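# Architecture and fold: a report
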Amino acid sequence: FKDSAGNFYVGIADNTTWNFETTTSLDFTPPSVLSLSPADGLTGVPLSTNLVINFSEEVVADNGSIRIYDSLGTPIESIPADSAQVTGLGTSTITIDPSVDFAGLTNYYVQIDSDAFKDSAGNFYVGIADNTTWNFQTATIGPLFAAPVQNPFGLTNVLYLAAPTFADLDGDGDMDLLAGEYYGNFQYFENTGTAFAPAFAAPVENPFGLTNTYFYSFPAFADLDGDGDMDLLAGEYYGNFQYFENTGTAFAPAFAAPVQNDFGLTNVLYLAAPAFADLDGDGDMDLLAGEAYGNFQYFENTTP
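Pairing is antiparallel across the open sheet formed by four strands, whose spatial order is β1-β3-β8-β7. Both edges of this open sheet fall to β1 (33–37) and β7 (86–87), since each of them pairs with a single strand only. Note: strand β3 (residues 51–55) against strand β8 (residues 93–96), four bridges, orientation antiparallel. Each residue of the ladder has a partner; that of Leu51, found in β8, is Ile96.

The structure is reproduced here in structure tokens:
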């Protein structure tokens, strides 16, 4: 190069006056998902599980959210991608921590907004907009029982057809045991231990004024007269219900002579096995009874 007067530019003859470094080629490839946890279609998922996404590259959050629905399409939770519930940003593994546990034995699906995650070049993950790409079913809720232990806590055999029920009959804060048996007697095992470490005394047959129900006594306790102590209803062989009113107290029970099929109850043919619960949520105890042919007879408590 020279100017109009003919003077030449001296040029550059070294390797330091003008040097630079090129960048890599431009990135137009969006992140993709390598794996999801829980895996799509998985069953038995723990209720407290987190959602984990493994991307093909490092990602950061943008404006979108992760949305959790149940199988009916009911929104469960919407979690912004830039919230504290989302960890691992800046890496390829993203963990989403729902604010509450999942419900048991429920189907869920997860959707992800198309502006939730992007890579360092600004390419967005396309997201999940359907209800089939990421869905799973949670585990059932229930206890896990250990192997059985025969006659623990000092309990002893009651001959045949032991039918146990529990109530705090002496008002000391722990559960005592009353067991019906084949010959219609009631075997009372007082809990002389504690509510956390039971220890049962030797059985007393037909205590507190109780009497034999002929054959097959199936006891159940409930405060049927609303006086604050536990009354006893016992099913028996012929399908009748024998009502023993507790005329004592919550600390010193005393049972009156039995009244058969009181309160409008009726015979259920054979082997009445009663159980009490408030099945209609109206604040009183309803009765469900099993019987010899495997049916359940429901007696709604219609007390006003």
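Formed by 22 residues in total, the largest nonpolar core has its most connected members in Leu51, Ile66, Ile96, Ile112, Phe117, Trp134 and Phe136. Only β3, β5 (65–70), β8 and β9 (107–112) provide two or more residues apiece to this core.

Applying the stated criterion across every chain, the model contains two salt bridges. Here Lys118 ties to Asp62 by a salt bridge, and the two come within 3.0 Å at their closest N and O atoms. Here the residue Lys118 occupies a position in strand β10 (residues 117–118), and Asp62 occupies one in the loop between β4 (60–61) and β5, the gap between them amounting to 56 residues. Since its relative accessible area comes to 24%, Lys118 is described here as partly exposed.

With respect to topology, four strands assemble into an open sheet ordered β12-β13-β14-β15, the strand pairing being antiparallel. A single partner strand is all that each edge strand has here, and the edge strands are β12 (163–167) and β15 (204–205). Bridge count between strand β13 (residues 176–180) and strand β14 (residues 186–189): four bridges; the pairing is antiparallel. By the bridge assignment, Leu177 is partnered in β14 with Phe189.

This next bit is on the packing of aromatic side chains. Summed over the entire model, instances satisfying the criterion amount to 23 aromatic pairs. Where Tyr188 meets Phe208, the ring centres are 4.9 Å apart and the plane angle is 65°; that geometry is what we call edge-to-face. In this pair, Tyr188 is assigned in strand β14 and Phe208 in the loop between β15 and β16 (218–222), connecting sequence segments 20 residues apart. Judged by relative accessible area, Tyr188 falls into the buried class, the value being 6%. In this structure Phe208 comes out as partly exposed when scored by relative accessible area, which is 27%.

Criteria and thresholds
- Residues numbered from 1 in each chain as written.
- Predicted model: local features only at pLDDT ≥ 70, side-chain atom pairs only at ≥ 80, totals over all residues.
- Heavy atoms only, no water.
- Pairing = 2+ DSSP bridges.
- Helix = DSSP H or I, 4+ residues; strand = E, 2+ residues; numbered from the N terminus.
- Core = buried A, V, L, I, M, F, W, Y, C linked by side-chain atoms within 4.5 Å.
- Buried < 20%, exposed > 50% of the residue type's maximum accessible area, 1.4 Å probe, protein only.
- Salt bridge = Lys/Arg side-chain N within 4 Å of Asp/Glu carboxyl O.
- Phe/Tyr/Trp six-rings, centres within 6.5 Å; stacked < 30°, edge-to-face > 60°.

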